[in-house]
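Spelled out from the first residue to the last, the chains are:
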Amino acid sequence: MASTDPINGSSAAALAGLSGTSAAKKDDGTDRFLKLLVTQMRNQDPLNPMDNAQVTSQLAQINTVTGIERLNESIKSMSGQMFQSQALQGASLIGRDVLLEGNRLTVAEGKATAGFELASAADKVKVEILSPAGRVIDTVDLGAQNAGRNGFEWAVPAGASTDGLTFRVVAKSGAAELTGTPLMTDRVNAVSTGGDSLKLELARNGTTPYGLIKAIS
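Keep in mind that this is a model prediction, so the values were computed, not measured.

Draft legend 1. Representation of the sheet that holds strand β7 (residues 166-173) in the model. Read from one edge of the open sheet, four strands run β5-β4-β7-β8, paired in antiparallel fashion. At either end of the open sheet lies a strand with only one pairing partner, and these are β5 (136-145) and β8 (176-178). Averaged over all neighbouring strand pairs, the angle between strand axes comes to 25°, with direction disregarded. One ladder, built from seven bridges, connects strand β4 (residues 122-130) with β5; its direction is antiparallel. Bridge assignment links lysine 126 to a residue of β5, and that residue is aspartate 141.

Draft legend 2. Up close: unusual backbone geometry. A positive phi angle, near 55°, is found at glutamate 109, a position not held by glycine. Along the chain, glutamate 109 turns up in the loop between β2 (107-108) and β3 (111-118).

Draft legend 3. The nonpolar core, seen in detail. Core analysis: the biggest nonpolar cluster contains 17 residues, and Leu105, Val127, Phe152, Trp154 and Phe167 have the highest contact counts within it. Among the elements of the structure, β3, β4, β6 (148-155) and β7 are those that each provide at least two residues to this core. When neighbours within four sequence positions are excluded, valine 127 is seen to be in contact with Phe116, Asp138, Thr139, Val140, Leu142, Phe152, Phe167, Arg168 and Val169. Counting eight residues, the second-largest nonpolar core is a separate cluster that includes Val98, Met184, Val188 and Leu200.

Draft legend 4. Local environment of the environment of serine 92. Relative to the helices and strands, serine 92 is located in the loop between α3 (52-91) and β1 (97-101). Judged by its relative accessible area of 47%, serine 92 is partly exposed. When the C-alpha positions of serine 92 and valine 191 are compared, they lie 9.1 Å apart, and in sequence the two are 99 residues distant.

Draft legend 5. Layout of the side chain of glutamine 145. Mapped onto the fold, glutamine 145 is located in strand β5. Other than its neighbours up to four places away in sequence, glutamine 145 contacts Phe116, Leu118, Ala121, Ala122, Val125 and Asn150.

Draft legend 6. View of the pattern of salt bridges. As enumerated under the stated definition, the model contains seven salt bridges in all. Across the salt bridge formed by aspartate 97 and arginine 187, the nearest N and O atoms sit 2.9 Å from each other. Linking aspartate 97 in strand β1 with arginine 187 in strand β9 (residues 180-192), this pair joins segments that are 90 residues apart in sequence. Here arginine 187 falls in the partly exposed class, since its relative accessible area comes to 41%. A salt bridge links lysine 214 to glutamate 117; the shortest N-O distance between them is 4.0 Å. A residue pair is termed long-range when its members are at least 10 positions apart, and lysine 214 in the loop between β11 (206-209) and β12 (215-216) and glutamate 117 in strand β3 qualify at 97 residues. Classification of lysine 214 by relative accessible area gives partly exposed; the value is 31%.

Draft legend 7. Spotlight on the pairing of β9. Inspection of the sheet shows β1 paired to β9 by five bridges, in the antiparallel sense. Directly across from leucine 99, in β9, lies its bridge partner threonine 185. The pairing of β3 with β9 spans four bridges and is antiparallel. Bridge assignment links leucine 118 to a residue of β9, and that residue is glycine 180. Pairing between β9 and strand β10 (residues 199-202): four bridges, direction antiparallel. For valine 191, the partnering residue across the bridge sits in β10 and is leucine 200.

The rules behind each value
Residues numbered from 1 in each chain as written. Predicted model: local features only at pLDDT ≥ 70, side-chain atom pairs only at ≥ 80, totals over all residues. Heavy atoms only, no water. Pairing = 2+ DSSP bridges. Helix = DSSP H or I, 4+ residues; strand = E, 2+ residues; numbered from the N terminus. Axes fitted to C-alpha atoms, helices over the stretch in contact; angles between N-to-C directions. Core = buried A, V, L, I, M, F, W, Y, C linked by side-chain atoms within 4.5 Å. Buried < 20%, exposed > 50% of the residue type's maximum accessible area, 1.4 Å probe, protein only. Contact = heavy atoms within 4.5 Å. Salt bridge = Lys/Arg side-chain N within 4 Å of Asp/Glu carboxyl O.

What follows is the structure, given as structure tokens:
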């Protein structure tokens, strides 16, 4: 008995055309998928061949895979364009002051400004100014403060040294102590684009990821 090829004429022609087109592409996922499908059809049970619905389903999967690959390429391209745009915008930050986590004080014209974040509202908040050795040299009483970001200003006493000063936040709600995250100011000297992220070269904190910046002034 002569063997019967279970692939019908229209399906075979369509697959051959698709496979021939894909063969021109080096190591293409669609080409490999088509070759596997053709092999599957040529080696299927002649008494129980795949019907057109199954073939259509397989081809639909090819389109889905191809569509996902093209979508990924588009997203990658868009990400690259957004990163370039971010880098250009980052250049405008040079010379400006930024706010980020840290407890060092920057003094200018006899005053130091910094900030802090509270997870919840506090009845009493004070900022302790610390010497390089960690000794409290002054205190700024701020009273009640809301949850979120808050700022303060400290006037440097006449004749006091301003080198290596830091601060800490002491906050309470009733008898409970609250956590206050210190925020310091720094100046942007340059912008770099290492890897796939924007980095700022800060005067005091060195290379810092842009994502760590809390505010810009």
